[in-house]
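Working through the structure, step by step
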Amino acid sequence: MVGSEQIASEVIVAAVPEQIRIGVKLPGPLTSRGSNGGGTYGWPLSSDDRGEISSRFGWRSRGWHSGVDIANPVGSVIYASESGNVFFVGYEGGYGNLVKIEHADGVVTYYAHCSEMYVSAGDYVERGNPIAAIGMTGTTTGPHVHFEIQINGVAVDPLDYIE
């Protein structure tokens, strides 16, 4: 978008001076917090076996990488990094088997290359619920979960938003 211009506006219902929170925890302001994390979202693997980052967000030799890859054995459980509504579970090109969860304020998390999916589209999940298992579906060089955070359709470095 290069620019915008408001043509007209009309108040249909007056604003109320309160926040109404239904369904998901509001993550608060989503601003980059630096490479040391400190954000609102949790790590998608167990605290007992956190895996190892095998590829970071950004440009790499094979092109743009829109998330972080966390290597762990096939079958390792992947957990929801925050509460939200599962709106996609299925196969999507290079992502392979993919789970997408919608959170508040236009935030969506992706969990890709899964060997198994434990949730279905339409499910509501709490932070820390098991949602899938690590696999090697789609375009991958080894077993890992591709973890991605998108804000209003734009991928951001997940490490900036993880607690």
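Structural data are supplied above this passage.
Residues numbered from 1 in each chain as written. Predicted model: local features only at pLDDT ≥ 70, side-chain atom pairs only at ≥ 80, totals over all residues. Heavy atoms only, no water.

Things to note about the layout of surface pockets
Empty space left among the atoms is revealed by rolling a probe the size of a water molecule over them. There is about 410 Å³ of room inside the largest pocket. Surrounding the largest pocket, 19 residues form its lining, R60, H65, D69, H113 and T139 being those nearest its centre. Those elements that provide at least two residues to the lining of the largest pocket are β1 (52-55), β3 (63-65), β4 (68-71) and β12 (144-151). Class assignment of the residues belonging to the lining of the largest pocket gives a composition of 4 nonpolar, 12 polar and 3 charged. (1 Å grid on protein atoms, 1.4 Å probe; cavity = no way out; pocket = protein on both sides within 12 Å on 5 of 7 lines; lining within 4 Å. Points joined across faces, edges and corners; volume = space filled by probe spheres on them. Helix = DSSP H or I, 4+ residues; strand = E, 2+ residues; numbered from the N terminus. Nonpolar A, V, L, I, M, F, W, Y, C, P; charged D, E, K, R; others polar.)

A closer look at the side chain of D157
Its place among the elements puts D157 in the segment after β13 (154-156). Those residues in contact with D157 that lie beyond four places of it in its chain are F57 and V68. (Contact = heavy atoms within 4.5 Å.)

Here's the deal with the packing of aromatic side chains
Counted under the stated rule, the structure contains 2 aromatic pairs. Between the aromatic rings of Y95 and Y110, the centroid separation amounts to 5.3 Å while the plane-to-plane angle is 50°, which identifies the pairing as tilted. Taken as a pair, Y95 in the loop between β6 (84-91) and β7 (97-102) and Y110 in strand β8 (residues 107-112) lie far apart in primary sequence, 15 residues in all. Overall, Y110 belongs to the buried group, its relative accessible area being 8%. When the ring of Y111 is compared with that of F147, the centres are 5.4 Å apart and the planes differ by 40°; the resulting orientation is tilted. (Phe/Tyr/Trp six-rings, centres within 6.5 Å; stacked < 30°, edge-to-face > 60°. Buried < 20%, exposed > 50% of the residue type's maximum accessible area, 1.4 Å probe, protein only.)

Examining unusual backbone geometry
In the Ramachandran plot, H113 falls in the positive-phi region, its phi being about 75° despite a non-glycine side chain. Turning to its location among the elements, H113 is positioned in the loop between β8 and β9 (114-117). Judged by its relative accessible area of 5%, H113 falls in the buried class. Look at N152: it is not a glycine, yet its phi comes out positive at around 50°. Checked against the element boundaries, N152 lands in the loop between β12 and β13. For N152, a relative accessible area of 63% corresponds to the exposed category.

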